[in-house]
Amino acid sequence: MSDPLPRSRVKPILLDLRFPILTPRLLIRPAAPGDGPALYAAKVESLVELRRWMPWARVEMSVEESEQSCREAYLRCLAREDLRLYLFDRETRALVGGSGLHRIDWEQRIFEIGYWVRKTRVGAGYVTEAVNAIARYAFGPLEAKRVSIHCNASNLKSRAVAERLGFPLEGVLHNDDRAAGPEVSCRDHAIYARTSSEGLPPLDVSW
Ligand SMILES: CC(C)(COP(=O)(O)OP(=O)(O)OC[C@H]1O[C@@H](n2cnc3c(N)ncnc32)[C@H](O)[C@@H]1OP(=O)(O)O)[C@@H](O)C(=O)NCCC(=O)NCCS
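Description of the structure in this document. Keep in mind the model is a prediction, meaning the values are calculated, not measured.

### Here's the deal with a nonpolar patch on the surface
Taken together, the side chains of Tyr 74, Leu 75 and Leu 78 define a hydrophobic patch exposed on the protein surface, amounting to about 300 Å² of accessible area. With respect to the helices, strands and loops of the structure, Tyr 74 is situated in helix α3 (residues 63–78). Overall, the relative accessible area of 38% leaves Tyr 74 in the partly exposed class.

Laid out in C-alpha cells, this is it:
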C-alpha cells in the first residue's frame, strides 16, 4: 500500500492571531514585555496555593526574572509555540490571573488550557469566564479539534472549572501526575476534553 499523501505543513509563525479577547469583565492577551512586575506581585500574593499545584511557581523569581519570563513567553507566542495569556480586569487593568493554550499541535489543532488566579480574585468566576472565552477562541479562529484541561485529581477547584464549563471527564490516570510536587499525596491526573464549543455556557465574547 502506498503512503498517504503528505499533510499540508502549517507554518505557525505565519498564523495571524487576533488579540485581545474581551469578555464582560476581562481583557485577555498574550504575556508581553512590561508584565513582569504585575506577574511578580500576583505570584507573591498567591504563592502557597500556586506552589501546591503549579511547577513553575515553585521556582523563586525576582521582579527581573518575572520580566524575563514574560519576554520569553512573548517570543514563544510570536513563534506560535505556546500562547501564555494574562487576564486583566477591564475596569482597573489589574492582573487577575493567567491562562493560555499550551502543548499546541498546529497540524492536528490540539490545545491544552491551563489557568491560575491571584489570591484576591479567587471565588468570583474570573477563571471560568476566561476559560470559556479561550475555549471559544480555540474552536473559533484557531479551528481546534480538541481542547483539553489536565489537572491533579485532588485539585477540586481546578476540576470544578472544567466541570462548570461542561468539559467531559475522559478519565483519571493513576499515579501519573508528573507536575505534582512532593507535598501532593494524590498523584492521580484527571483529563477533561472538548471537541467543540457546543454547550459552553453562554458568554458575551469578542476578539
Ligand atoms: C484552580 C483555580 C484557578 C480556581 O479558582 P476559582 O476562583 O475557584 O475559579 P473561578 O474564578 O472560576 O471562580 C469559581 C468560584 O467563583 C464562584 N463564582 C462567583 N461568581 C461566579 C460567576 N459569575 N461564574 C462562575 N463562578 C462564579 C463559583 O461559585 C466558584 O466558587 P466556589 O468554589 O465557592 O464554588 C484557583 O484555585 C487557582 O488558581 N489555583 C492554583 C493554580 C491551579 O491549581 N491551577 C489549575 C492547574 S490545573
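### Things to note about the environment of Leu 27
Mapped onto the elements, Leu 27 comes out in strand β2 (residues 26–30). Given the relative accessible area of 13%, Leu 27 is considered buried. Taking the C-alpha atoms as reference points, Leu 27 and Ile 13, separated by 14 residues in sequence, lie 23 Å from one another. Beyond its immediate sequence surroundings of up to four residues, Leu 27 is in contact with Pro 20, Ile 21, Leu 22, Tyr 86, Leu 87, Phe 88, Arg 90 and Arg 93.

### Points about the pattern of salt bridges
By the definition in use, this model includes nine salt bridges. Its salt-bridge partner being Arg 9, residue Glu 107 comes within 3.8 Å of it at the nearest N-O pair. In this pair, Glu 107 is assigned in the loop between β4 (95–105) and β5 (110–117) and Arg 9 in the segment before β1 (21–22), connecting sequence segments 98 residues apart. Taking the relative accessible area as the measure of exposure, Arg 9 reaches 69% and is therefore exposed.

### Points about the side chain of Asp 35
Along the polypeptide, Asp 35 turns up in the loop between β2 and α1 (36–45). Classification of Asp 35 by relative accessible area gives buried; the value is 8%. A distance of 2.8 Å separates the side chain of Asp 35 from the backbone nitrogen of Ala 32, its partner in a polar contact. In contact with Asp 35, other than residues within four places in its own chain, are Arg 29, Pro 30, Glu 67, Cys 70, Tyr 86 and Phe 88.

### Description of the site of the ligand
Among the 21 residues in the neighbourhood of the ligand, the closest are listed as Tyr 115, Gly 123, Val 127, Thr 128 and Asn 155. With respect to the ligand, the backbone of Ala 124 contributes an N or O atom lying 3.3 Å from an oxygen atom. In this structure, Val 127 approaches the ligand through a main-chain N or O atom, which is 2.9 Å from an oxygen atom. Relative to its unbound accessible surface of 940 Å², the ligand loses 72% to contact with the protein. For the shell around the ligand, the secondary-structure elements that each account for two or more residues are α2 (47–53), β5, α4 (126–139), β6 (146–152) and α5 (156–164).

### Thoughts on the packing of aromatic side chains
Throughout the structure, instances matching the rule amount to four aromatic pairs. Ring geometry for Phe 19 versus Tyr 137: centroids 5.1 Å apart, planes at 35°, classification tilted. In this pair, Phe 19 sits in the segment before β1 while Tyr 137 sits in helix α4, placing the two residues 118 residues apart along the sequence. Residue classification places Tyr 137 among the buried positions, given a relative accessible area of 1%. Ring centres of Trp 106 and Phe 111 lie 5.3 Å apart, and the angle between their planes is 85°; this geometry places the pair in the edge-to-face category. Here a set of aromatic residues connected by ring pairs shows up, and it is made of Phe 19, Tyr 137 and Trp 207. Directly above the ring of Tyr 126 sits Arg 25, whose terminal nitrogen or CZ lies 4.2 Å from the centroid.

Rules behind the numbers
- Residues numbered from 1 in each chain as written.
- Predicted model: local features only at pLDDT ≥ 70, side-chain atom pairs only at ≥ 80, totals over all residues.
- Heavy atoms only, no water.
- Patch = residues over 30% accessible without salt bridge, like charges linked within 9 Å, V, L, I, M, F, W, Y side chains within 5 Å.
- Areas by Shrake-Rupley, 256 points an atom, 1.4 Å probe, with all protein chains shown as cover.
- Salt bridge = Lys/Arg side-chain N within 4 Å of Asp/Glu carboxyl O.
- Helix = DSSP H or I, 4+ residues; strand = E, 2+ residues; numbered from the N terminus.
- Buried < 20%, exposed > 50% of the residue type's maximum accessible area, 1.4 Å probe, protein only.
- Contact = heavy atoms within 4.5 Å.
- Polar contact = N/O pair within 3.5 Å; in protein donor to acceptor, adjacent residues only side chain to side chain.
- Near = heavy atom within 4 Å.
- Phe/Tyr/Trp six-rings, centres within 6.5 Å; stacked < 30°, edge-to-face > 60°.
- Lys NZ or Arg CZ within 6 Å of the ring centre and 35° of its normal.

All we've got here are geometric facts, nothing functional implied.
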